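# Residue-level structure breakdown
This is what each chain is made of:
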Amino acid sequence: MGRENDCERVDVEYINSLASDLPDEAAILRLSRIFHALRSEPRLKIMYLLLEKEMCVCELEAALGMSQSSISHNLRTLRQLDLVRTIKNGRFVVYSLADEHVRLLLELSRKHVTGCVQ
């Protein structure tokens, strides 16, 4: 038995229409996994480097001072979430951001953070 809402701001029909437009459970789970993965500082640093340039593991290693195995582990996670892509370039595997949506997410996130820091 539902309790009547006393709040005068609640427009039940409008709130229900908003709720019905939420992403489905599978999309919410996927988004949750993406945001969880991006909680990692090394992964975010990798993503921001890839925002500027396609890079191989050895370039990321030089830029971040991390071990190749650690970088590879983080890249595997990012690939599994379709945030980065690979291209074979001779004997190197080159990593890049998956698409413009990922690029935009990173750019907007940076603007949000730098705009909010006082």
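Counting from 1, residues in each chain are numbered in the order their sequence is written. Local features in a predicted model are, by the rule used here, given only for residues with pLDDT of at least 70; side-chain atom pairs are given and counted only at 80 or more, and totals for whole chains, interfaces and linings are based on all residues. Side-chain metrics in this entry use all non-hydrogen atoms of the structure; hydrogen atoms and water are not considered.

### Some thoughts on the overall build of the protein
Put simply, the test is: Strands here are runs of E lasting at least two residues and helices are runs of H or I lasting at least four, both read from the DSSP assignment and numbered beginning at the N terminus. Just to be clear, the radius of gyration here is over C-alpha atoms, and the globule rule we use is 2.2 Å times residues to the power 0.38. Buried, partly exposed and exposed residues are distinguished by accessible area as a fraction of the type maximum, computed with a 1.4 Å probe on protein chains only: under 20%, between the cut-offs, and over 50%, respectively. The contact criterion used throughout is that any non-hydrogen atoms of two residues lie within 4.5 Å. When charges are tallied, Lys and Arg are placed among the positive residues and Asp and Glu among the negative ones, while His and the ends of the chain are skipped. One atom stands in for each charge, and that atom is NZ of Lys, CZ of Arg, CG of Asp or CD of Glu.
Helix and strand counts for the protein stand at six helices and three strands. A globule of 118 residues ought to have a C-alpha radius of gyration of about 13 Å, yet the protein, at 20 Å, is considerably larger. If one aligns the C-alpha atoms of the protein with their principal axes, the spans along those axes are about 65 × 35 × 25 Å. Residue burial in the protein is summarised as follows: out of 118 residues, 25% are buried. Across the protein, contacts joining residues at least 24 apart in sequence account for 53% of those joining residues at least 6 apart. Positive and negative charge centroids in the protein, built from 16 and 17 side chains respectively, lie 13 Å apart.

### Describing the pairing of strand β2 (residues 84-89)
The test is simple: When DSSP finds at least two bridges between two strands, those strands are taken to pair.
By the bridge criterion, six bridges tie β2 to strand β3 (residues 92-97) in an arrangement that is antiparallel. Across the sheet, I87 pairs through a bridge with V94, a residue of β3. Hairpin connection, β2 to β3: the antiparallel pair is bridged by two residues, and G90 has positive phi, about 65°.

### Topic: the side chain of R43
Put simply, the test is: When a carboxyl oxygen of Asp or Glu lies within 4 Å of a side-chain nitrogen of Lys or Arg, that pair is called a salt bridge.
In this structure, R43 sits in helix α3 (residues 41-52). No salt bridge is formed by the buried R43; its nearest oppositely charged neighbour, E41, is found at 12 Å. Beyond its immediate chain neighbours, meaning those up to four positions away, R43 contacts A37, H73, N74, T77 and L78.

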